[in-house]
Amino acid sequence: LQARVWQFALPRPDITVGLVAILFIGVSAYHLFRARWLPGQGDAAKPGQPIYPPLIRYGSVIVGAALIVVTLISVGRELLSFHYLVTGNSFQRRAAKISDAEETRKQDTFKAGLTAYDRSLGLRPAAATFNNRGITLAQIGRFDYAIKSYQEALKETPGEAVYLSNVGLAYH
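Residues numbered from 1 in each chain as written. Predicted model: local features only at pLDDT ≥ 70, side-chain atom pairs only at ≥ 80, totals over all residues. Heavy atoms only, no water.

(A) Fine view of the nonpolar core. Ranked by size, the top nonpolar core spans 20 residues in total, and within it L137, I140, A146, Y150, A153 and Y163 carry the most contacts. Of all the elements in the fold, those that place two or more residues in this core are α3 (103-123), α4 (127-139), α5 (143-156) and α6 (161-171). Counting residues per element, this core draws most heavily on α4, at six residues. (Core = buried A, V, L, I, M, F, W, Y, C linked by side-chain atoms within 4.5 Å. Buried < 20%, exposed > 50% of the residue type's maximum accessible area, 1.4 Å probe, protein only. Helix = DSSP H or I, 4+ residues; strand = E, 2+ residues; numbered from the N terminus.)

(B) Looking closely at a nonpolar patch on the surface. There is a patch of nonpolar side chains on the surface, built from L32, Y52 and I56 and spanning about 230 Å² of accessible area. Residue position: I56 is located in helix α2 (residues 54-97). The class of I56 is partly exposed, set by a relative accessible area of 42%. (Patch = residues over 30% accessible without salt bridge, like charges linked within 9 Å, V, L, I, M, F, W, Y side chains within 5 Å. Areas by Shrake-Rupley, 256 points an atom, 1.4 Å probe, with all protein chains shown as cover. Salt bridge = Lys/Arg side-chain N within 4 Å of Asp/Glu carboxyl O.)

(C) Looking closely at the pattern of salt bridges. For the coordinates displayed, the defined rule picks out five salt bridges. A salt bridge links E78 to R124, with the shortest nitrogen-to-oxygen separation between them at 2.7 Å. One end of the pair, E78, is in helix α2; the other, R124, is in the loop between α3 and α4, with 46 residues separating them in the sequence.

(D) Structural detail: α6. What α6 keeps buried is the set V162, Y163, N166, V167 and A170. For α6, the angular spread of buried residues about the axis comes to 140 degrees, placing them on one side. Across α6 from its buried face, at more than 90 degrees, point the exposed residues A161 and Y171. The secondary structure elements touched by the buried residues of α6 are α4 and α5. (Arc of directions from axis to C-beta. Contact = heavy atoms within 4.5 Å.)

(E) Looking closely at α4. Helix length check: α4, at 13 residues, gives a terminal C-alpha distance of 19 Å against a target of 18 Å (1.5 Å per residue), a fit within 8%. Most of α4 is tucked away: twelve of the 13 residues are buried. Within α4 the residues assigned to the buried category are A127, A128, T129, F130, N131, N132, G134, I135, T136, L137, A138 and Q139. Positioned one or two residues after α4, G141 has a phi angle of 85 degrees, which is positive. (Expected span 1.5 Å × (residues − 1).)

(F) Geometry of the packing of aromatic side chains. Within this structure, the stated rule accounts for one aromatic pair. With 5.3 Å between their ring centres and 65 degrees between their planes, F33 and Y58 make a pair best called edge-to-face. Here the residue F33 occupies a position in helix α1 (residues 16-34), and Y58 occupies one in helix α2, the gap between them amounting to 25 residues. Lying across the ring of F33, R57 places its NZ or CZ 4.9 Å from the centre. (Phe/Tyr/Trp six-rings, centres within 6.5 Å; stacked < 30°, edge-to-face > 60°. Lys NZ or Arg CZ within 6 Å of the ring centre and 35° of its normal.)

Listed below in structure tokens is the structure:
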């Protein structure tokens, strides 16, 4: 099997929603904490005083900080998963360029790519990663596992032509 017949996928990391959530949470917590009475609003004795009692003000900061941490962890997992996907692709491409005379080195490089894909899947299962993992498995001759990996990709993205094509190549 030649590497050029397999079709790789490389999606962008999905971090936009997390980053926007961090922005809104931070801005909301800041404004709840800093909200003050304006002159002419409510009692005349309150201008410049905080609108909300200390429990609500400090509670909003604590809850906001906790939500930001949770969201940052989610964004970090997404980026780390993407890193391992790119690393696996790099090993796979590098292995494809190694001559057949250096079979042991070639197999070791494919296996390093496989390890990177497994780490990516451990953080965030994604159809593209299952597909690329299947390609690497097929290239080291483990076609039964490659087909299982393609089937996992098809569970996440049913009917995807690239994944179906790779299943066909693995059966061929």
